[in-house]
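One letter stands for each residue in the lines below.
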Amino acid sequence: MNIQIKMKLHLDMKFRSVLSVCRSLRKFSSSGKFDFTDLTSPHTWYPVARRKKRNVVLHVGPTNSGKTYHALKQLESSSSGLYCGPLRLLAWEVAKKLNKAKVPCDLITGQEREEVEGAKHKSATVEMADLSSDYQCAVVDEIQMVGCKTRGFSFTRALLGIPADELHLCGDPAAVPLIQQILKVTGDSVEVQYYDRLSPLVPSKVPLGSFSNIQRGDCIVTFSRREIYRLKKEIESQGKHLCSVVYGSLPPETRTRQATMFNDESSEFDVLVASDAIGMGLNLNISRIIFSTLQKFDGVEMRDLTVPEIKQIAGRAGRYGSKFPRGEVTCIDGEDLPLLHSALGSPPPILECAGLFPTFDLLYLYSCLHPNAGFHQILEEFLHSAKLSANYFISNCEEMLKVAAVLDDLPLGIHDKYLFCISPVDMNDDISSQGLTQFATNYARKGIVWLKEIFTPGTLKVPTTQAALKELESIHKVLDLYVWLSFRMEDSFPDREVAASQKSICNLLIEDFLERLGSERPSRRMLPMPPIYLKRNGRECRI
Ligand SMILES: Nc1ncnc2c1ncn2[C@@H]1O[C@H](COP(=O)(O)OP(=O)(O)OP(=O)(O)O)[C@@H](O)[C@H]1O
Ligand SMILES: [Mg+2]
């Protein structure tokens, strides 16, 4: 009996079938014989992948050693394929590359679907990896991210669940023993290919000293928005350089354009000021990485950067085949040099465990046993009782719990609650979290959410202060969330086009601010547009 039920639970099941299994299990589970919180065999959650004997190739080595390049060559020459990366920028870069090579490739991220006629290839962010289709070849980039506290589970899902004949995993050698261990039970064959760095990366013996020593191709790395703008102003005030900026809360479209401007030799923007948002896999024309600090605030406290973080960021300098094939790394402050040198000379610590998170199906089945519990309680109790094997840890779901607490006041089904919980809302951002609450409330009340109920159509203004800029970034997050929801609940979030066009306006206005900052030049884009209002707590606030 147990085996039959386990077979039925073989996962990524359709919702309706879960429902019927759930009904039949209720009686059974209360007798204590079946434990939904047993997560010790996650490889069995993916029966389609398990029916294959996959040929897994691990491409490992330091940054800039051609790991992704070689995996993409395999992808390009396959009859069908999937690329999964950790960043929207990387997914975009790969889709562009494949399409340019005349291999039609769709782009799929949480907020974009760009379908290309005849495409048998897809480039996606890892969370969007489609596990239901067969592929001849798949690539999971930056596979060491299985160890990430928050997103690791999505990499584990891709690692275990992609049904491809050939699976290429690119990343740090520190992940090799763990991946080999995890794949022992899948029946896949595993081969490891080691790579060496293609061009030298030289840690400098001297710090930057003065900003007058900034050169074309330099990238200054710092971790707060305020510092990014201070440094941009400081460098531009010397009158020799213009700076592009890239940081996490900038809209991805803006980030891409800023990076493209910096990469473009004919553009005046020849210096980059960036956060660790540039830290993974990207190919930028950077000659020298200059750390302004080796500490960052991680949401709780200030901490030193880890060895892998320092290496990843430093690895953006001197990309093979770029204008600056020899990279250099230094710090603004001479006191930071010893830590920089020792980090660059140390191997990253071996990865011990991969992230794991229960599928919706398991949470749903568990909730059937606790019909009076809210989703927050279900999540909390499930994760508390979860049993794991030694290779895994439960991913951090603080954000999900915060959303679940808000949603439990609303008359929503568990599947809807789950969707809102996994949405890309930033609960530490007031405007973003209020946006989510509004969307969920309107959805629960009427089943349909018109964007104009949240925004009064009007003018978005060019921000003139950093506070106004931050607000605009938050508005962009709300619009982005709407688009994300519209891809999952199309009928209930019908204003995707409006949200997308408002997002574009946000991008233009943010870029306008960035262009004028520091150089005090007049705006190139004066956009006469009506103001936008965000309805908060029933009151309209002008943004
Ligand atoms: N054999 C090659 N011929 C031409 N260009 C190459 C070759 N190998 C790598 N490159 C180029 O070198 C650059 C770095 O390669 P790639 O992005 O594959 O490195 P990586 O090891 O994946 O780095 P990271 O760890 O930072 O992701 C890319 O621009 C890539 O196109
Ligand atoms: Mg790479």
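Nothing here was measured: the structure is a model prediction, and the numbers come from that model. (Residues numbered from 1 in each chain as written. Chains lettered and ligands numbered in written order. Predicted model: local features only at pLDDT ≥ 70, side-chain atom pairs only at ≥ 80, totals over all residues. Heavy atoms only, no water.)

**Quick notes on the overall build of the chain**
Condition: Helix and strand assignments come from DSSP, with helices taken as H or I runs of at least 4 residues and strands as E runs of at least 2, each series counted from the N terminus. Exposure is judged per residue with a 1.4 Å probe applied to protein chains only, and the accessible area is read against the type maximum: over 50% gives exposed, under 20% gives buried, and values in between give partly exposed. Any two residues whose heavy atoms approach within 4.5 Å at even a single point are treated as in contact.
Along the chain, the regular secondary structure elements total 18 helices and 21 strands. The buried share of the chain, reckoned over its 543 residues, is 54%. Long-range pairs, those at least 24 residues apart, make up 75% of the contacts in the chain between residues at least 6 apart in sequence.

**Regarding helix H13 (residues 375–385)**
The criterion, for reference: Arc definition: directions from the helix axis to the C-beta atoms.
Among all positions of H13, only Phe375, Ile378, Leu379, Phe382 and Leu383 are buried. Seen end-on, H13 carries its buried residues on one side only, within an arc spanning 115°. Looking at the packing, one finds that the buried side of H13 touches helix H12 (360–369), strand E18 (392–394), helix H14 (398–407) and helix H15 (414–421).

**What about the pattern of salt bridges?**
Note the threshold: Salt bridges are defined as contacts in which a side-chain nitrogen from Lys or Arg sits within 4 Å of a carboxyl oxygen from Asp or Glu.
All told, the structure shown has 26 salt bridges when counted by the stated rule. The salt bridge involving Lys296 is made with Asp276; its shortest N-O contact spans 2.6 Å. One end of the pair, Lys296, is in strand E14 (residues 295–297); the other, Asp276, is in the loop between strand E12 (269–274) and strand E13 (288–291), and 20 residues separate them in sequence. Where Lys417 meets Asp408, a salt bridge forms, and the shortest distance between an N and an O atom there is 2.9 Å. Beyond isolated ion pairs, a larger network of salt bridges with shared partners links Arg88, Glu112, Glu253, Asp480 and Lys503.

**Describing the UniProt feature "domain: Helicase C-terminal" (unreviewed entry) in the chain**
Heads up, the condition is: UniProt positions are given in the numbering used here, feature names are shortened, and annotations may be inferred rather than shown by experiment.
Summarizing the sequence annotation, UniProt attributes the feature "domain: Helicase C-terminal" (unreviewed entry) to residues 190–364 in the numbering used throughout. Annotated as 26% helix and 23% strand, the span residues 190–364 places its first and last C-alpha atoms 34 Å apart.

**Observations regarding the pairing of strand E2 (residues 81–85)**
In plain terms, the rule: For two strands to be treated as a pair, DSSP must find no fewer than two bridges joining them.
For E2, the tally of buried residues reaches five of five residues, placing the bulk of the element in the interior. Going residue by residue along E2, you find Gly81, Tyr83 and Gly85 tucked away on one face and Leu82 and Cys84 tucked away on the opposite face as well. Summarising the sheet, E2 and strand E5 (residues 121–125) pair through five bridges and their orientation is parallel. Residue pairing for E5: Cys84 is matched across the bridge by Ala124. Summarising the sheet, E2 and strand E6 (residues 135–140) pair through four bridges and their orientation is parallel. Residue pairing across strands places Cys84 opposite Val140, the latter belonging to E6.

**Section: the nonpolar core**
The cut-off we apply is this: In this text, buried Ala, Val, Leu, Ile, Met, Phe, Trp, Tyr and Cys residues form a nonpolar core when linked through side-chain atoms within 4.5 Å.
One finds Ile162, Ile278, Ile289, Phe291, Phe420 and Phe439 to be the most contacted residues of the largest nonpolar core, which totals 161 residues. The element best represented in this core is helix H17 (residues 466–488), accounting for 11 residues. Not counting chain neighbours up to four residues away, the residues in contact with Phe439 comprise Phe420, Val449, Leu451, Ile454, Val478, Leu481, Tyr482, Leu485 and Phe493.

**Some words on the sheet that holds strand E7 (residues 164–171)**
Applied cut-off: Lines are fitted to the C-alpha atoms to define the axes, a helix being fitted only along its stretch in contact, and any angle between axes, read from their N-to-C directions, falls within 0 to 180 degrees.
The sheet built from eight strands is open, its strands ordered E4-E3-E5-E2-E6-E7-E1-E8 with mixed pairing. This sheet does not close on itself; its edge strands, each paired only once, are strand E4 (112–114) and strand E8 (189–194). Put simply, the sheet's adjacent strands are angled 15° from each other on average, direction ignored. Here strand E1 (residues 55–60) runs beside E7; their pairing, made up of six bridges, is parallel.

**Topic: the packing of aromatic side chains**
Note the following rule: Aromatic rings from Phe, Tyr and Trp, with only the six-membered ring used for Trp, were paired whenever their centres fell within 6.5 Å, and each pair was classed as stacked if the ring planes differed by under 30 degrees, edge-to-face if by over 60, and tilted otherwise.
As enumerated under the stated definition, the model contains 12 aromatic pairs in all. On the numbers, 5.8 Å between centres and 85° between planes, the contact of Tyr229 with Tyr247 is edge-to-face. Taken together, the positions of Tyr229 in helix H8 (residues 225–236) and Tyr247 in the loop between strand E11 (242–246) and helix H9 (252–263) put the pair 18 residues apart, joining distant regions of the chain. In this structure Tyr247 comes out as buried when scored by relative accessible area, which is 3%. One aromatic cluster is present, built from ring pairs that chain together Phe420, Phe439, Tyr443, Tyr482 and Phe493.

**Some details on the site of ligand 1**
So the rule is basically this: We call a residue near a molecule or strand whenever a single non-hydrogen atom of that residue lies within 4 Å of it. Distance and chemistry together define a polar contact, namely a pair of N or O atoms within 3.5 Å, with one atom able to donate a hydrogen and the other to accept it when in protein, and with adjacent residues in sequence counting only for side-chain atoms on both sides. To be clear on the numbers: accessible area is Shrake-Rupley with a 1.4 Å probe, and residue cover counts the displayed protein chains and nothing else. Residues are grouped as follows: nonpolar covers Ala, Val, Leu, Ile, Met, Phe, Trp, Tyr, Cys and Pro; charged covers Asp, Glu, Lys and Arg; every other residue, Gly included, is treated as polar.
What surrounds ligand 1 is a group of 15 residues, the closest being Lys67, Thr68, Tyr69, Arg316 and Arg319. One of the side-chain nitrogen or oxygen atoms of Asn283 is found 3.5 Å away from an oxygen atom of ligand 1. Contact with the protein chains hides 80% of the accessible area of ligand 1, taken as 630 Å² for the molecule alone. By residue class, the composition of the shell around ligand 1 is four nonpolar, seven polar and four charged.

**Regarding the sheet that holds E12**
Strand order in the open sheet formed by six strands is E9-E16-E13-E10-E12-E11, and the pairing between neighbours is parallel. Where the open sheet ends on each side, the last strands, each with one partner, are strand E9 (201–203) and E11. Here the strands of the sheet are splayed against their neighbours by 25° on average, with no regard to which way each runs. In the sheet, E13 pairs with strand E16 (residues 327–331) via four bridges, with the strands oriented parallel. Pairing of Ile290 across the sheet is with Thr330, part of E16. This element, helix H10 (residues 307–314), spans E9, strand E10 (218–221), E13 and E16 of the sheet and lies at about 140° to E13.

**Points about a positive patch on the surface**
We count it as follows: Grouping into patches uses exposed residues only, defined as over 30% relative accessible area, and leaves out salt-bridged ones; the cut-off is 9 Å for like charges and 5 Å for nonpolar side chains (Val, Leu, Ile, Met, Phe, Trp, Tyr). For the charge count, each Lys or Arg is scored as positive and each Asp or Glu as negative, with His and the chain ends excluded. Note on charges: their place is set at NZ of Lys, CZ of Arg, CG of Asp or CD of Glu.
On the surface, Lys73, Lys96, Lys97 and Lys100 cluster together to form a positively charged patch. Top element by residues in the positive patch is helix H5 (residues 88–100). It accounts for three residues. Secondary-structure assignment places Lys100 in helix H5. Overall, Lys100 belongs to the exposed group, its relative accessible area being 71%.

**Some details on the packing of helix H16 (residues 430–446) against H17**
Keep this limit in mind: The cut-offs work like this: below 35 degrees is roughly parallel, past 145 is roughly antiparallel, 65 to 115 is roughly perpendicular, and the gaps in between are oblique. Helix crossings fall into two classes, left-handed where the near helix is turned counterclockwise from the far one by less than a right angle and right-handed where it is turned clockwise.
Close contact between H16 and H17 brings their axes to 8 Å; oriented N to C, the two are set at 30°. By the angle between their directions, the pair H16 and H17 is classed as roughly parallel. The crossing of H16 and H17 is right-handed. In contact with Ile431, Ser432, Gly435, Leu436 and Phe439 of H16, H17 contributes Glu471, Ser474, Ile475, Lys477, Val478, Leu481, Tyr482 and Leu485. Looking at the contact of H16 with H17 residue by residue, the classes come out as eight nonpolar, three polar and two charged.

**A few points about the pairing of E7**
Note the threshold: Viewed with both strands pointing away, a crossover whose connecting path from the first strand over the helix to the second turns clockwise is right-handed.
A large share of E7 lies buried, amounting to six of its eight residues. Relative to E7, E6 is paired through five bridges, and the arrangement is parallel. Residue pairing for E7: Cys137 is matched across the bridge by Glu166. Between the parallel elements E6 and E7, the chain passes through helix H6 (residues 152–161) in a crossover that is right-handed.

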